[in-house]
Amino acid sequence: MYKLFSKFTKTNILKKIWRKFLSLFYIEQWGLLIGKPQEEHHWDDFKLFSPPIDRFWADPFPWFYNNKYYIFYEELLFKTEKGYICCFTLDENMTATNHQVVLDQPYHLSYPFIFEHNQKIYMMPETKENQTIEIYECKHFPNEWKLYKTIMHGVSAVDSTLLEHEGKWWLFTNITTGNEKAYDNLYLFFAESPFSDNWTPHPLNPIIKDIQSARPAGKIYKEGNTLIRPSQDCSIRYGYAINLNKIIKLSETEYSETLQKKIIPPKDDPNMLSTHTWNSIEGIRTIDAEFRRKKTES
């Protein structure tokens, strides 16, 4: 046992030393990848949108509005370590235009989950630092959002994801309590409205207890009649890979899912370290990825 522990400890120490050495010359930076959905996932089908060297872009959520694609995402400056929500427009040549900040608060924002209800557009960004789950109504698209409702208070929730299914609204979220990490356990709640004051906890909570698949990674979507829940695999490093999970049972008393497909960083690109968001809309797919990038790049 001692030998195994000693070997494990030495391996971790060597990894930390190596990462410290690399940090002298490289940064680890999230960027956005956009492409057209194919039956089989190929990284070469995506165009990389790299941020300036002093920040990262992550958690892309696309929206199609007035025949244009808008990409909402988290931007975080390394010097402040506080995220806010930005947006750019994609033109017909897949070029990003009109970069702008669309939502900023005194606390950290990320994961700009966007949905439509009664012909209005809403955003539910991650607001864990404020100990809330908040929903914003779009007053002028894409850059004017007003707090509409706080649906939960006093909760450390990350990457909250809504789903309307069979006459109910389902809220999937990772909640941290005690020594739990933000990617250990997935909780499920249900209500009659996305703006409800009374979200009923699922009796099986946490419905997923697995660092490899608990944390949400984007909108739940349909393939035919099948619901697919994207999730993160954080077992190797934070946000290492994306799981596409087929939901088998979803009711007030039951929940089960099974892994359908896993998307991992390409083995032939040692500089791509992680990928943890997966969304599609109207013929495009948005993903993010963490890259090792030279500090000398502009």
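Further up the page is the structure itself.
As the structure is a prediction and not an experimental result, all values here were calculated from the model. (Residues numbered from 1 in each chain as written. Predicted model: local features only at pLDDT ≥ 70, side-chain atom pairs only at ≥ 80, totals over all residues. Heavy atoms only, no water.)

With that settled, the discussion passes to the layout of surface pockets. In this model, the second largest pocket occupies a volume close to 350 Å³. As for the second largest pocket, its lining consists of 21 residues, of which Trp 30, Phe 56, Glu 74, Tyr 238 and His 276 are closest to the centre. The set of elements that each furnish at least two residues to the lining of the second largest pocket consists of β1 (26-35), β3 (55-65), β4 (68-77) and β11 (157-165). In terms of residue count, the dominant contributor to the lining of the second largest pocket is β3 (three residues). Looking at side-chain class alone, the lining of the second largest pocket contains eight nonpolar, four polar and nine charged residues. (1 Å grid on protein atoms, 1.4 Å probe; cavity = no way out; pocket = protein on both sides within 12 Å on 5 of 7 lines; lining within 4 Å. Points joined across faces, edges and corners; volume = space filled by probe spheres on them. Helix = DSSP H or I, 4+ residues; strand = E, 2+ residues; numbered from the N terminus. Nonpolar A, V, L, I, M, F, W, Y, C, P; charged D, E, K, R; others polar.)

Taken as a whole and judged by the stated rule, the model has one cavity of 30 Å³ or more. Counted as a void, the largest cavity has a volume near 40 Å³. Around the largest cavity, the lining residues are Lys 36, Pro 37, Gln 38, Glu 40, His 41, His 42, Asp 45, Phe 46 and Arg 285. Considering only residue class, the lining of the largest cavity consists of two nonpolar, three polar and four charged.

Moving on to the nonpolar core. Soluble globular proteins: nonpolar side chains tend toward being buried together. The biggest cluster of nonpolar side chains holds 31 residues, and the ones touching the most others in it are Ile 34, Phe 49, Phe 72, Phe 88, Leu 90, Leu 103 and Trp 145. Every element with two or more residues in this core is listed here: β1, β3, β4, β5 (83-90), β6 (96-103), β8 (120-127) and β9 (132-140). Among the elements that make up this core, the one with the highest residue count is β5 (six residues). Once residues within four sequence positions are removed from consideration, Leu 103 is found in contact with Tyr 84, Ile 85, Leu 109, Met 123, Pro 125, Tyr 136 and Trp 145. One finds Phe 61, Met 152, Leu 162 and Tyr 187 within the second-largest nonpolar core, a separate group that totals 21 residues. (Core = buried A, V, L, I, M, F, W, Y, C linked by side-chain atoms within 4.5 Å. Buried < 20%, exposed > 50% of the residue type's maximum accessible area, 1.4 Å probe, protein only. Contact = heavy atoms within 4.5 Å.)

Next up on the list: the side chain of Thr 277. Along the chain, Thr 277 turns up in the loop between β20 (272-274) and β21 (278-281). Thr 277 sits in the buried class, given a relative accessible area of 0%. At a separation of 3.2 Å, a polar atom in the side chain of Thr 277 contacts the side chain of His 276. Among the polar contacts listed, one links the side chain of Thr 277 to the side chain of Asp 288, at a separation of 2.8 Å. Setting aside chain neighbours within four positions, we find Thr 277 in contact with Asp 59, Pro 60, Ala 217, Ile 242, Thr 286, Ile 287 and Asp 288. (Polar contact = N/O pair within 3.5 Å; in protein donor to acceptor, adjacent residues only side chain to side chain.)

Turning our eyes to something else, we now look at the pattern of salt bridges. Summed over all chains, the structure comprises 15 salt bridges. For the salt bridge of Glu 75 with Arg 55, the shortest nitrogen-to-oxygen distance reads 3.4 Å. Of this pair, Glu 75 sits in strand β4 while Arg 55 sits in strand β3, placing them 20 residues apart in sequence. As far as the burial class goes, Glu 75 and Arg 55 line up, both buried. Here Glu 137 ties to Lys 120 by a salt bridge, and the two come within 3.7 Å at their closest N and O atoms. Separated by 17 residues along the polypeptide, Glu 137 in strand β9 and Lys 120 in strand β8 bring together distant segments of the chain. (Salt bridge = Lys/Arg side-chain N within 4 Å of Asp/Glu carboxyl O.)

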